[in-house]
Amino acid sequence: GFTLVELAIVLVIIGIIMGAVLRGQQMIEGAKLKRLYNQQREIAAAFYTYYDKYGKFPGDDNTVATRGGVWATSVNGDSDGLIEVTFAYSCSGAEATGAESCNAWSHLRLANIISGSGRTNPSHAHGGAVSAAYGTVNTVPANWIAFQNVPGDAALSIDTQYDDGVYNTGTIQGSAVYTGAVTDLYSKL
């Protein structure tokens, strides 16, 4: 048999290991939250870099097809300042549609502002797709960056840390109350 001292030592070692594992999980979740927020800032910067360079938002730009070269097969937007049609989380394939929210990714890539090719949406740290479009979120009409399927607790943490913590006000908003369920998280562009 084991003595009480030996059992105590084993329990202390198990406790230390469990504490390290839990701390590691917290660090991973913290890194995901920071990555999600930084990705939002990077995407906003990409959209504004394109705007500074061409005077129009990507996707909404009505001059891309006239630039020639790699731009020749691009689809023009209507240049009304709104990245239309919807929050599209599954953009893919050749540029053959007028969905400005999908064409935006292609325009950013052709301008060498983001990496990749085509109209495929980027994904975020929690695995969902990223979209950008004009829409009305909680009664606020604007161009928004949208992150699909963000866990409610992560969305609340980001909203609290970088905005007002209320799902339906501010520059960061959720599609629903942050109750732990998966939600879409929006950031005003």
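Our subject is the structure that appears above.
Everything numeric here is computed off the predicted structure, so don't read it as measured data.

Rules used throughout
Residues numbered from 1 in each chain as written. Predicted model: local features only at pLDDT ≥ 70, side-chain atom pairs only at ≥ 80, totals over all residues. Heavy atoms only, no water. Phe/Tyr/Trp six-rings, centres within 6.5 Å; stacked < 30°, edge-to-face > 60°. Helix = DSSP H or I, 4+ residues; strand = E, 2+ residues; numbered from the N terminus. Buried < 20%, exposed > 50% of the residue type's maximum accessible area, 1.4 Å probe, protein only. Axes fitted to C-alpha atoms, helices over the stretch in contact; angles between N-to-C directions. Parallel < 35°, antiparallel > 145°, perpendicular 65-115°, else oblique. Contact = heavy atoms within 4.5 Å. Nonpolar A, V, L, I, M, F, W, Y, C, P; charged D, E, K, R; others polar. Expected span 1.5 Å × (residues − 1). Disulfide = S-S within 2.5 Å. Salt bridge = Lys/Arg side-chain N within 4 Å of Asp/Glu carboxyl O.

1. Focus on the packing of aromatic side chains
Next, step 1: Evaluation of the coordinates by the stated rule reveals eight aromatic pairs.
Next, step 2: Their ring planes at 0° and their centres at 3.5 Å tell us that tyrosine 37 and tyrosine 162 sit as a pair that is stacked. Separated by 125 residues along the polypeptide, tyrosine 37 in helix α1 (residues 4-54) and tyrosine 162 in helix α3 (residues 152-162) bring together distant segments of the chain.
Next, step 3: Tyrosine 37 sits in the buried class, given a relative accessible area of 16%.
Next, step 4: Using a relative accessible area of 30% as the deciding quantity, one classes tyrosine 162 as partly exposed.
Next, step 5: Considering the side-chain rings of phenylalanine 87 and tyrosine 186, the 5.2 Å spacing of their centres and the 50° angle between planes classify their relative orientation as tilted. On the criterion of sequence distance, the pair formed by phenylalanine 87 in the loop between α1 and α2 (100-110) and tyrosine 186 in strand β4 (residues 182-188) is long-range, its members being 99 residues apart.
Next, step 6: The rings of Tyr48, Tyr51 and Phe57 are connected pair by pair, giving a single aromatic cluster.

2. Details of the packing of α1 against α2
Next, step 1: Taken N-terminus to C-terminus, the directions of α1 and α2 make an angle of 70°; their axes are 11 Å apart at the nearest point. Between α1 and α2, the crossing angle belongs to the class labelled roughly perpendicular. Between α1, through Ile43, Ala46, Phe47 and Tyr50, and α2, the contact on the second element is made entirely by Ala104, Trp105, His107 and Leu108.
Next, step 2: Counted by class, the contact of α1 with α2 contains seven nonpolar, one polar and no charged residues.

3. Description of α1
Next, step 1: Its 51 residues give α1 an end-to-end C-alpha distance of 74 Å, which sits within 8% of 75 Å, the value for a rise of 1.5 Å per residue.
Next, step 2: All of the buried residues in α1 are Leu33, Leu36, Tyr37, Gln39, Gln40, Ile43, Ala44, Ala46, Phe47 and Tyr50.
Next, step 3: Of the residues flanking the end of α1, it is glycine 55, one or two places downstream, whose phi is positive at about 80°.

4. Section: the state of the cysteines
Here, the word disulfide means a covalent bond between the sulfur atoms of two cysteines.
Next, step 1: This model, assessed by the stated rule, comprises one disulfide.
Next, step 2: One disulfide bridge connects cysteine 91 with cysteine 102, the sulfur atoms lying 2.0 Å from each other. Linking cysteine 91 and cysteine 102, the disulfide has an S-S dihedral of approximately -75° and is accordingly described as left-handed. Taken as a pair, cysteine 91 in the loop between α1 and α2 and cysteine 102 in helix α2 lie far apart in primary sequence, 11 residues in all. For the pair cysteine 91 and cysteine 102, one class covers both residues: buried.

5. Considering unusual backbone geometry
Next, step 1: Phi at asparagine 112 is positive, roughly 60°, even though this residue is not glycine.
Next, step 2: Along the chain, asparagine 112 falls in the loop between α2 and β1 (130-137).
Next, step 3: Looking at asparagine 112, the relative accessible area reads 71%, which means it is exposed.
Next, step 4: Non-glycine residue threonine 139 carries a positive phi angle of around 70°.
Next, step 5: Among the secondary structure elements, threonine 139 is positioned in the loop between β1 and β2 (140-151).
Next, step 6: The class for threonine 139 is exposed, based on a relative accessible area of 71%.

6. Observations concerning the pattern of salt bridges
Next, step 1: Tallied over the entire structure, the rule returns two salt bridges.
Next, step 2: The closest approach of N and O atoms between arginine 35 and glutamate 42, which form a salt bridge, is 3.2 Å.
Next, step 3: The residue arginine 67 makes a salt bridge to aspartate 61 at a minimum N-O spacing of 2.5 Å.

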